Every structure is written in structure tokens, then in C-alpha cells.
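# Examination of the molecular architecture
Letter by letter, the chains look like this.
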There are 2 protein chains.
Amino acid sequence: MRSLGILVYPNFELLDLFGPVEMFGWLAEVFELTLIGPTAGPIRSNMGLATVAEMAMNERTAFDILLVPGGWGRSIPVDTDALLPWLKEAAQKADRVLTVCTGSALLALTGLLDGRKATTNKALFDWVASKRPEVNWQAEARWVCDDKYYTSSGVSAGMDMALGVIAEVIGQDKAEEVAQGCEYIWHRDPTCDPFARTHCALGP
Amino acid sequence: MRSLGILVYPNFELLDLFGPVEMFGWLAEVFELTLIGPTAGPIRSNMGLATVAEMAMNERTAFDILLVPGGWGRSIPVDTDALLPWLKEAAQKADRVLTVCTGSALLALTGLLDGRKATTNKALFDWVASKRPEVNWQAEARWVCDDKYYTSSGVSAGMDMALGVIAEVIGQDKAEEVAQGCEYIWHRDPTCDPFARTHCALGP
């Protein structure tokens, strides 16, 4: 079994979180999911609908894999003073750290991505990059892996990346099985980013 | 504004629900989302993670659009005696009824799909079809629309269908905007079903 710690915070983006969780969750015999928030209990997403954090951050920092979703638009909708020390410690302890969409802005603010390649949502690319210019931000990538850090493009790219991580951790056949089970048309190539140009042309 | 009632019940499939909800939720100026369950309060998904029903079924049956997610595998993980009368009434009142994955089995059990075209998850196709042979089950379709009833294939097909419904209700440009915003590679053609043959060959 591998533990998957899933960070949740007020105004998180629904599919950033539940997309990858669906993929990992198909393999209940391999991945043990724990939703962890600033406080335990209900936490509302940017769309109003809530999920329920099983434990508060101060209760645990050690997970094999850590998943960090993004939040709505051009803001980091969370008290970063409280969050970043936890995120830094949990990310350092984890074997793999995954961010989706603007989740990479949060991880970048810990300094752990400095000098590393990373990506994010393309519509908000410049805004995210400005939060931590020390990161080697990639303007065209569905997702990027640098050492143990996996950062994906916007929202639905998190599902493609999650399947990529599943392939790496327990094998391509298992990842294909999950995609098939979810009837998900998996975009397997992390370098193919159909949203890079359009969005970058539009500007942030 | 249009009201979107989202049915949630114990052991619902996470992405069946949150995939379409992400798409509708991007258009907060158009769609008002309400999560409605057998009881108000936290309801656990098949993967353990919970969401929070804002109201109990007995509080409301009238929505413009009704969304019915599926549940895990070859069971209907819910007390259908309690659910079906509500579902039938809410479906009759709604302008559009959307089911994802095995959600179509639930809707079929109300009798409202009798004689209509509908589809479902392809791995569980025969099982779903056996629940209500009076439905004209379609073995190859990403999603099917018959009158006001929209039924999608497994799990992630719900996102494609949701965008299709958004296109129909408020225009193709808005649907494209949502797909772009979510960086979702939208499969626009409801007749193209890459999972039909593989799964049907494997059998249920």
C-alpha cells in the first residue's frame, strides 16, 4: 500500500482534486487516500460544493504521494502563512509530489521548485510564474516531471498526469486498466499541450 | 439562471458527479448548483471521500436540469425503494435529465426510459440493460439524447455530455470556453465511443 495525501483548502477547484483522486481511487488495493485540510470537516470548493477533510494538517505530514490541487483564478484562496510550512514539510517527506493547475503556485512558494522545471494552467501562466520566478516554468507541457515533482496544466490535465504517475509507480498496464475502467481518453504524452498556444496568445 | 439538481447517494462514483459539475460550475452566472441526497449532510463516495448534500430529497423535487451519477460496479448502492419515487417525480418535472455511467440504470428503473434510446458504462452494459429491457439500450455511443433524457457512457463520458448540454442550452461558444478554461480535450461527437468494442468484447 502507498499513502496518498490529498490537500484540500477553501475554494479548491473541484476537478483538480477529484479528477486525479478518481484515477488513484480505482486502485484501492494500492493507494490509501487521505483528505487533509487546514481543519478537519467540510471544506467548500470554488463552486460551492463541499468535501470533507478527514484530518487537519497538524495531525500528519508523512505521505508517500502528496497531491496539491489549484484554486479558482488569479488568487491563492488560502491562508498561505499557515499552509506553506505544512506543505514544505509534507512535500519534503513525500516520494512524489503532484500539483494540478495553480497548485504549482502554492508548491513554488515553498521554494522547493526553485531551479526545477514545472508547469501550470496556461491561461494564468504569467501570474503563476510571477509568484516565483526562480522556477524554470515551462509554457508548453501537459505535465512536467522534474525529480519527484510532477506539475500539471489546468484542471483536467491532472487526470492525464495521475495516470502517468500510476504507470510509473505500478506499471503501464494498470494505468491503462484504470483509464479503460473510467472510459477516460487518456492523453499519454506529457509534451503535447493543446492549450499552450491559444491561451498564451490570449495572455493572462 | 437555471437550477441544476445533483443527486448524490452513498457510494456514488466521484467523477460521475464532479466531472459534469465542474463543467456546469464554470458558468456560475447561468447554473445554480444544488446537491441533494437521501439525507442532508456528508455522503461518502465509493472511494471513501465524502461530499455534503445541501438538502434532503423530501425538501425539493423541482429543478430545471437533473444530474444522476452512477455508483460503483455491478450494484445499485442505494435504497431504491426510497430513491425511485423521488427520482421519477424530479425527472418528470425537469426540462433535462442527465445520467452518467450506471446512473442510467437508476433512471431506467423509474420506467421513464421505456422505449427510449439510452446508453451506459460499456463494461457493465449487459448488467445495466438487464435491469430494464424495455429501454432501447445503445451499445455504442459516448452519450445519447432522446427527447429530454441524456445518458452517458462510463465515468468520464459525463464531462463530454455535460459540455454538449451546455452547448445546447446556452451555445457552442460557451461550451468551448468552459472546455478551454478547464483545459479539457472535449470529445464533441456523441456517436464516437472508443470504449464500446473493447469492453463489449470483454463482456460484463
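An account of the accompanying structure is given in this report. Since this is a predicted model, take the numbers as computed values, not measurements.

Rules and cut-offs
- Residues numbered from 1 in each chain as written.
- Chains lettered and ligands numbered in written order.
- Predicted model: local features only at pLDDT ≥ 70, side-chain atom pairs only at ≥ 80, totals over all residues.
- Heavy atoms only, no water.
- Least-squares fit on C-alpha atoms with pLDDT ≥ 70 in both.
- Contact = heavy atoms within 4.5 Å.
- Phe/Tyr/Trp six-rings, centres within 6.5 Å; stacked < 30°, edge-to-face > 60°.
- Buried < 20%, exposed > 50% of the residue type's maximum accessible area, 1.4 Å probe, protein only.
- Core = buried A, V, L, I, M, F, W, Y, C linked by side-chain atoms within 4.5 Å.
- Helix = DSSP H or I, 4+ residues; strand = E, 2+ residues; numbered from the N terminus.
- Salt bridge = Lys/Arg side-chain N within 4 Å of Asp/Glu carboxyl O.
- Pairing = 2+ DSSP bridges.
- Axes fitted to C-alpha atoms, helices over the stretch in contact; angles between N-to-C directions.
- 1 Å grid on protein atoms, 1.4 Å probe; cavity = no way out; pocket = protein on both sides within 12 Å on 5 of 7 lines; lining within 4 Å.
- Points joined across faces, edges and corners; volume = space filled by probe spheres on them.
- Nonpolar A, V, L, I, M, F, W, Y, C, P; charged D, E, K, R; others polar.
- Parallel < 35°, antiparallel > 145°, perpendicular 65-115°, else oblique.
- Left-handed = near helix turned anticlockwise from the far one by under 90°.

It is worth spelling out the relation of the copies chain A and chain B at this point. It takes a turn of 180° to lay chain A on chain B, together with a shift of 0.0 Å along the axis; the resulting RMSD is 0.0 Å. Each copy turns onto its partner about a two-fold axis. For chain A, the residue whose C-alpha comes nearest the rotation axis is Thr51(A), separated from it by 2.1 Å. An overlap of 100% is found between the interface residues of chain A and their copies at the interface of chain B, pointing to a shared contact surface.

Now for the packing of aromatic side chains. One pass over the full model with this rule turns up five aromatic pairs over all chains. With 6.3 Å between their ring centres and 65° between their planes, Phe12(B) and Phe18(B) make a pair best called edge-to-face. Overall, the relative accessible area of 0% leaves Phe12(B) in the buried class. Its relative accessible area of 0% is what places Phe18(B) among the buried residues. Centroid distance Phe24(B) to Phe31(B): 4.9 Å. Interplanar angle 80°. Geometry classified as edge-to-face. A residue is classified by how much of its surface remains accessible, and Phe24(B), at 0% relative accessible area, is buried. By the ring-pair criterion, three or more aromatic residues cluster together here, those being Phe12(A), Phe18(A), Phe12(B) and Phe18(B).

Turning next to the nonpolar core. The biggest cluster of nonpolar side chains holds 149 residues, and the ones touching the most others in it are Met23(A), Leu66(A), Met23(B) and Leu66(B). Discounting chain neighbours no more than four positions away, the residues touching Met23(A) are Met159(A), Ala162(A), Leu163(A), Ile166(A), Val178(A), Cys182(A), Tyr184(A) and Leu15(B).

This next bit is on the environment of Asp173(A). Take Asp173(A): it is sitting in helix α6 (residues 172–181). The sequence separation of Asp173(A) and Arg142(A) amounts to 31 residues, and the corresponding C-alpha distance is 21 Å.

Let's shift gears to the pattern of salt bridges. For the structure shown, the criterion picks out 22 salt bridges over all chains. Glu89(A) is paired through a salt bridge with Lys93(A); the nearest N and O atoms lie 3.0 Å apart. Of this pair, Glu89(A) and Lys93(A) both sit in helix α2 (residues 80–93), four residues apart, which is roughly one turn of that helix. A relative accessible area of 38% means that Glu89(A) is categorised as partly exposed. The partner of Lys122(B) in a salt bridge is Asp193(B), and the shortest N-O contact between them spans 3.0 Å. Residue Lys122(B) is located in the loop between β8 (117–118) and α4 (125–131), and its partner Asp193(B) is located in the loop between α6 (172–181) and α7 (196–202); the two are separated by 71 residues in the primary sequence.

Our next topic: the sheet that holds strand β7 (residues 96–99) of chain A. Residues and elements named next belong to chain A. The seven strands lie next to each other as β5-β2-β1-β6-β7-β11-β10, forming an open sheet whose pairing is mixed. Strands at the two margins of the open sheet, each flanked by one partner only, are β5 (55–56) and β10 (143–146). Sheet analysis places β10 next to strand β11 (residues 149–152), joined by four bridges and oriented antiparallel. Along β11, the bridge assignment pairs Val 144 with Thr 151. Against the sheet, α2 makes contact with β1 (2–7), β2 (31–37), β6 (65–68), β7 and β11, and its axis sits at roughly 145° relative to β6, the strand it touches most. Along the sheet, helix α5 (residues 157–170) makes contact with β1, β2, β7, β10 and β11, crossing β11 at roughly 155°.

Turning next to empty space enclosed by the protein. Enumeration over the complete set of coordinates arrives at one cavity of 30 Å³ or more. Estimates place the volume of the largest cavity at around 50 Å³. Looking at the largest cavity, the residues that line it are Arg142(A), Ser156(A), Tyr184(A), Ile185(A), His187(A), Arg142(B), Tyr184(B), Ile185(B) and His187(B). Classifying every residue of the lining of the largest cavity gives four nonpolar, three polar and two charged.

Attention now goes to the packing of helix α1 (residues 14–25) of chain A against helix α1 (residues 14–25) of chain B. Viewed as axis vectors pointing N to C, α1(A) and α1(B) meet at an angle of 155°, and their least axial separation amounts to 9 Å. On the basis of their axis angle, the class for α1(A) and α1(B) is roughly antiparallel. Note on packing geometry: the crossing formed by α1(A) with α1(B) is left-handed. Here Leu14(A), Leu15(A), Phe18(A), Gly19(A), Val21(A), Glu22(A) and Met23(A) of α1(A) lie close against α1(B), whose contacting residues are Leu14(B), Leu15(B), Phe18(B), Gly19(B), Val21(B), Glu22(B) and Met23(B). The residue inventory of the contact of α1(A) with α1(B), partitioned by class, reads ten nonpolar, two polar and two charged.

Without other data, these values stay purely geometric and don't point to any function.
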